[in-house]
Each structure stands twice: as structure tokens, then as C-alpha cells.
Amino acid sequence: MFKRLRADIDAAKRNDPAARNKFEIWLTYSGVHALSWHRFANRLYRMHLKLLARMASQFAKFLTGIEIHPAAKIEGGVFIDHGTGVVIGETAEVATGVVIYQGVTLGGTGKEKGKRHPTIERDVVISSGAKVLGGFTVGEGAKIGAGAVVLKEVPPFATVVGVPGRVVRIGGVKPDLQQEKVDPNAEEIRALKHRVHKLEEALAKLTGGKVECRREEDEELFPAVGEDRGEKDENRKQREDEHNDHE
């Protein structure tokens with residue numbers, strides 16, 4: 001336990017430029033305190049004293065604002081910076097050298113049993129507010145951007161950003177991935193156009209004539225809010241009469 005505590009303090013000193021000395025870190029850093037309490041709770045949990053383990057973890061949450069399930073596996077040398085709002089789930093595994101900032105969640109995606117929380121390999125950096133959800137692995141040296149929601153496996157030395165999270169760099173080089181060539185909005189519009197064509201074909205069969213969904217040239221796509229309904233109907237009727245006269 002004391003060996004891991006020294007490793008946690010060394011990690012804080014190495015990763016936080018504001019840290020002045022190890023004694024100050026031991027006294028004041030909530031991330032170090034939370035991990036120390038977790039070592040104690042984890043030992044109780046492995047001794048099958050699960051109620052006491054949960055009580056210890058909840059007391060640590062009250063003191064530090066960091067919630068770590070007592071069954072989570074966390075190696076020495078992990079640094080939780082600031083830490084408020086950090087949640088680490090039951091089957092999560094965190095390797096040495098990992099840096100976790102405030103608001104991070106290492107959680108699951110449902111009520112499934114078994115391995116449902118992520119495995120974080122060595123030297124991963126998880127930025128503020130990121131959510132890593134699921135029983136997959138985040139590869140060594142990866143970086144998770146602030147606010148990202150990661151739902152699938154991350155390769156080693158990759159950089160992930162966005163909601164949902166997508167890989168934008170691997171080893172500092174932009175990858176040629178299919179995910180970057182797909183625009184979800186364009187795909188949705190394409191699907192809607194296909195559906196409109198199908199509906200036009202079905203309606204044409206029912207009516208016996210060609211049906212085409214189109215917009216009049218002078219029809220407003222977004223009419224002004226509060227426009228008088230009677231005036232709109234009168235203008236439409238006038239346009240129809242002019243069209244019939246031309247015919």
C-alpha cells in the first residue's frame with residue numbers, strides 16, 4: 001500500500017507543474033487521498049467485507065468528491081488531477097501512468113453483467129469531462145479530449161475527440177479512416193430523399209398520374225412567424241387563379 005502511495009505522489013509531482021514538494025501533495029491533493037482510500041476499500045472488498053468496503057468508498061467520496069468502486073483495479077502511479085466529479089466503475093482497470101482530470105467517468109452503457117467498464121492502459125490522458133463507456137480497451141499512450149464520449153476501443157497513441165468520440169490522430173499523424181469520410185447529416189438527408197421518392201412512386205400508382213413533391217417558386221420555405229392565416233390562404237388562391245388563367 002505504501003509503495004503505491006509513493007508512486008501516486010511521484011505521479012502527481014511529475015504531472016502537475018503547480019506541485020512544490022511531495023509533503024504538500026500528501027497533505028492536500030484530493031486525488032492522492034481518494035486513491036489511498038480506494039486501496040483500503042479494495043482490500044476490504046477482496047476480504048469479502050463488501051459492505052465495509054462500500055462504506056469506505058462512500059466516505060472517501062464525501063471527503064474528496066471522487067467516487068471509485070472498491071472493486072475497481074487501479075495500479076500505483078495514477079494521477080487524478082483536481083478530481084471533483086470523477087467516477088470509476090466496478091470492473092474498470094487503470095494502469096500506471098494514467099492521468100485523469102475532473103469530471104471524467106469510466107462507466108458502463110447498461111445493466112449488463114461481467115466486464116462492462118473500460119480498461120485504461122499505461123500513460124493514457126483523459127481530459128476534463130470525458131466519458132469512457134463500455135468494456136473495451138483504451139490503448140497505451142492514447143489521449144481523450146475534453147468532453148469526448150468514447151463508446152468503442154481506442155488504438156494505442158491515438159487522439160480521440162467529439163461526441164461520439166472519433167480518432168483524429170494516431171501517433172501524431174492524421175489517419176485515413178472511413179469514419180472521417182462519412183457525414184451523418186448527409187447520410188440522413190440521402191435517406192430522407194430516398195423515402196420521398198418511394199412515397200411519390202406509391203402515390204402515383206394510387207392516383208394513376210405522376211406525382212412530384214416540389215415547391216412553388218414564390219413559396220416561402222420559412223414563412224414569417226405570426227403571418228395572418230387568412231392572408232396566406234388568399235394569396236395562395238390568387239396564385240392558383242392566375243395559373244388557371246394562363247392555362
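Everything that follows concerns the structure shown earlier in this document.
Starting afresh in each chain, residues are numbered from 1 along the sequence in its written order. For this predicted model, a pLDDT threshold of at least 70 governs which residues receive local features, and a threshold of 80 or more governs which side-chain atom pairs are given and counted, while totals over whole chains, interfaces and linings are taken from all residues. Note: side-chain values were computed over all heavy atoms of the structure, leaving out hydrogens and water.

Q: Teacher, can you tell me more about the nonpolar core here?
A: The tendency in soluble globular proteins is for nonpolar side chains to be buried as a group. Only buried residues count toward a nonpolar core, which is a set of Ala, Val, Leu, Ile, Met, Phe, Trp, Tyr and Cys residues joined through side-chain atoms within 4.5 Å. The rule is simple: take the accessible area with a 1.4 Å probe, protein chains only, and divide by the maximum for that residue type; under 20% is buried, over 50% is exposed, in between is partly exposed. Among the nonpolar cores identified, the biggest contains 31 residues, and I88, I100, L106, I126, V138 and I144 are the most heavily contacted of them. The helix count covers DSSP runs of H or I at least four residues long, the strand count covers runs of E at least two residues long, and both are numbered beginning at the N terminus. Those elements that place two or more of their residues in this core are α3 (30–46) and β14 (158–161). Whether two residues are in contact is decided by their heavy atoms: any pair within 4.5 Å suffices. Once you skip the residues sitting within four places of it in the chain, V138 turns out to touch T119, I120, E121, V124, V132, I144 and V154. Core analysis: the next-biggest nonpolar cluster, separate from the first, contains 10 residues, A12, Y29, V32 and V99 among them.

Q: Even after reading the chapter, I still don't get the pairing of strand β15 (residues 166–170), so can you show me in this structure?
A: Regular strands have side chains that alternate between both faces of the sheet. At least two DSSP bridges between two strands are required for those strands to pair. Examined bridge by bridge, β14 and β15 share 4 bridges and lie antiparallel to one another. What sits directly across from V160, in β15, is V167. The hairpin formed by β14 and β15 contains 4 residues between the paired strands, and G162 there has a positive phi angle of roughly 95 degrees.

Q: Just to check I follow, could you spell out the packing of aromatic side chains for this structure?
A: Two aromatic rings, taken as a pair, are described by how far apart their centres are and by the angle between their planes. What counts as a ring pair is set by centres within 6.5 Å for rings of Phe, Tyr and Trp (its six-membered ring), and what kind of pair is set by the plane angle: stacked under 30 degrees, edge-to-face over 60, tilted for all other angles. Under the counting rule described, the total for this entry stands at 3 aromatic pairs. Arranged with centres 6.2 Å apart and planes meeting at 75 degrees, the rings of W37 and F40 form a pair that is edge-to-face. Here F40 and W37 lie together in helix α3, a separation of 3 residues that amounts to about one turn. For the ring pair W37 and F59, a centre distance of 5.2 Å and an interplane angle of 70 degrees mean the geometry is edge-to-face. Taken together, the positions of W37 in helix α3 and F59 in helix α4 (residues 50–64) put the pair 22 residues apart, joining distant regions of the chain. The partly exposed category is assigned to F59, whose relative accessible area is 39%.

Q: How should the sheet that holds strand β12 (residues 143–144) be read in this particular structure?
A: Through backbone hydrogen bonds, the strands of a sheet pair up, either in parallel or in antiparallel fashion. Within the open sheet, the 6 strands sit side by side as β3-β6-β9-β12-β14-β15. Their pairing is mixed. Both outer strands of the open sheet, β3 (79–80) and β15, are each paired with one neighbouring strand and no more. Relative to β12, strand β9 (residues 125–126) runs parallel, the two sharing 2 bridges. Bridge pairing in β12 links I126 to I144.

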